[in-house]
Amino acid sequence: MSNITIRAAIPADLDSITEIYADAVTNGTASYELEPPSRAEMGTRFDGLKAGGFPYLVAEKDGAVLGYAYAGPFRPRPAYRFIVEDSVYVAPEAKGQGVGLKLMQRLITAAEAAGFRQVIAVIGDGRPDSASVRLHERLGFRHSGRLEGSGYKHGRWLDTVFMQISLNGGASVAPDPESLPERKFRVS
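Calculation rules
Per-chain numbering applies: the sequence of each chain, read as written, is numbered from 1 onward. Note on the predicted model: pLDDT of at least 70 is required for a residue's local features to be given, and 80 or more for side-chain atom pairs to be given and counted; whole-chain, interface and lining totals, by contrast, use all residues. To obtain the side-chain values, all non-hydrogen atoms of the structure were used and water was disregarded. Secondary structure elements follow DSSP: runs of H or I no shorter than four residues count as helices, runs of E no shorter than two count as strands, and numbering proceeds from the N terminus. Any two residues whose heavy atoms approach within 4.5 Å at even a single point are treated as in contact. The span you would expect from a helix comes to 1.5 Å times its residue count less one. Working definition: with a 1.4 Å probe on protein chains only, accessible area under 20% of the residue-type maximum means buried, over 50% means exposed, and in between means partly exposed. Any N or O atom pair separated by 3.5 Å or less is treated as a polar contact, with the protein-specific requirement of one donor-capable and one acceptor-capable atom, and with residues adjacent in sequence counted only for side-chain atom pairs. All axes here are fitted lines through C-alpha atoms, helices being fitted over the stretch that makes contact, and every angle between N-to-C directions spans 0 to 180 degrees. Relative orientations are named as follows: roughly parallel for angles under 35 degrees, roughly antiparallel for angles over 145 degrees, roughly perpendicular for angles from 65 to 115 degrees, and oblique for any other angle. Classification used: nonpolar for Ala, Val, Leu, Ile, Met, Phe, Trp, Tyr, Cys and Pro, charged for Asp, Glu, Lys and Arg, polar for all others including Gly. Only when DSSP finds a minimum of two bridges between them are two strands counted as paired. Salt bridges are identified by distance alone: a Lys or Arg side-chain nitrogen within 4 Å of an Asp or Glu carboxyl oxygen. In this scheme Phe, Tyr and Trp rings, the latter by its six-membered ring, pair at centre separations within 6.5 Å, and the angle between planes marks the pair as stacked below 30 degrees, edge-to-face above 60, and tilted otherwise.

(A) Seen up close, the environment of methionine 42. Inspection of the secondary structure assignment puts methionine 42 in helix α2 (residues 39-51). Each C-alpha atom of the pair methionine 42 and tyrosine 21 lies 9.2 Å from the other, and the pair is 21 residues apart in sequence. In this structure methionine 42 touches Leu14, Ile17, Thr18, Tyr21, Pro37 and Tyr68, once residues within four positions along its chain are discounted.

Below, the structure is given as structure tokens:
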């Protein structure tokens, strides 16, 4: 898997992204959506994130998209502007090969470069042994909360786990006025 390229996602990747997410929605518990969104809906989501300046990445090998990750607004209220929520999904055939780790490493770097202060992981089915929890722990995220029985999917109740990692000094220093979150706030 050493020749995996991580790059910015482009509209031409949306068919693969839609397929990867459809599998996660249909067969997994990471997403609490019950029906896979259409290609058009995925395009709308993609366009919104890209227009906001948020990082959206794909992992590619030999022209095939193996996974994707993005950071988006944690919540819409302006005081949350320094926090992003991450999402990472890997194609079934690429799981367990380090694709998610490579995507998340690059995503964290991109979020830090943009001036964000926290990356939040909101993990559906947040069992301690879940791949997503283990991945985020490996990257230095700390556990910051759990919502018990917060989702019901595939015939069982699921807990949601919150994890977070601080960037750019976290809450220990004042915001950078030239950071993406501050520039966007001043314009709005």
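Structure's up, so let's keep going.
(B) Broad picture of helix α3 (residues 99-114). Taking 1.5 Å as the rise per residue, α3 with 16 residues should run 22 Å; its terminal C-alpha atoms sit 23 Å apart, in good agreement. For α3, the complete set of buried residues consists of Val99, Gly100, Leu101, Leu103, Met104, Leu107, Ile108, Ala111 and Ala114. Directly beyond the C-terminal end of α3, a positive phi value near 100 degrees is found at glycine 115.

(C) Up close: the side chain of glutamate 182. Along the chain, glutamate 182 falls in helix α5 (residues 180-187). On the basis of relative accessibility, which here comes to 14%, the residue glutamate 182 falls in the buried class. A distance of 2.6 Å separates a polar atom in the side chain of glutamate 182 from a polar atom in the side chain of arginine 81.

(D) Representation of the packing of helix α1 (residues 14-27) against α2. Interhelical geometry of α1 versus α2 gives an angle of 110 degrees and a closest axis separation of 10 Å. The angle between the axes of α1 and α2 places the two elements in the roughly perpendicular class. Taken together, the residues of α2 that come into contact with α1 (itself represented by Leu14, Asp15, Ile17, Thr18 and Tyr21) are Arg39, Met42, Gly43, Arg45 and Phe46. Broken down by class, the residue content of the contact of α1 with α2 amounts to five nonpolar, two polar and three charged.

(E) Inspection of the pairing of strand β7 (residues 156-166) at higher detail. Across seven bridges, the pairing between strand β5 (residues 118-124) and β7 is antiparallel. Bridge assignment links glycine 124 to a residue of β7, and that residue is threonine 160.

(F) The pattern of salt bridges, seen in detail. Under the counting rule described, the total for this entry stands at 10 salt bridges. Salt-bridge contacts for arginine 7 lead to glutamate 60; the nearest nitrogen and oxygen are separated by 3.2 Å. Of this pair, arginine 7 sits in strand β1 (residues 5-8) while glutamate 60 sits in strand β2 (residues 56-61), placing them 53 residues apart in sequence. Close ionic contact of arginine 45 with glutamate 41 constitutes a salt bridge, the shortest N to O distance being 2.8 Å. Of this pair, arginine 45 and glutamate 41 both sit in helix α2, four residues apart, roughly one helical turn. Using a relative accessible area of 32% as the deciding quantity, one classes arginine 45 as partly exposed. In this structure glutamate 41 comes out as partly exposed when scored by relative accessible area, which is 32%. It is possible to trace a salt-bridge network through shared partners that takes in Asp125, Arg127, Asp129 and Arg156.

(G) Structural context of the packing of aromatic side chains. Under the defined criterion, the tally for this structure stands at nine aromatic pairs. Taking the centre distance of 5.6 Å and the plane angle of 75 degrees together, the rings of phenylalanine 74 and tyrosine 80 count as edge-to-face. For phenylalanine 74, a relative accessible area of 14% corresponds to the buried category. A residue is classified by how much of its surface remains accessible, and tyrosine 80, at 34% relative accessible area, is partly exposed.

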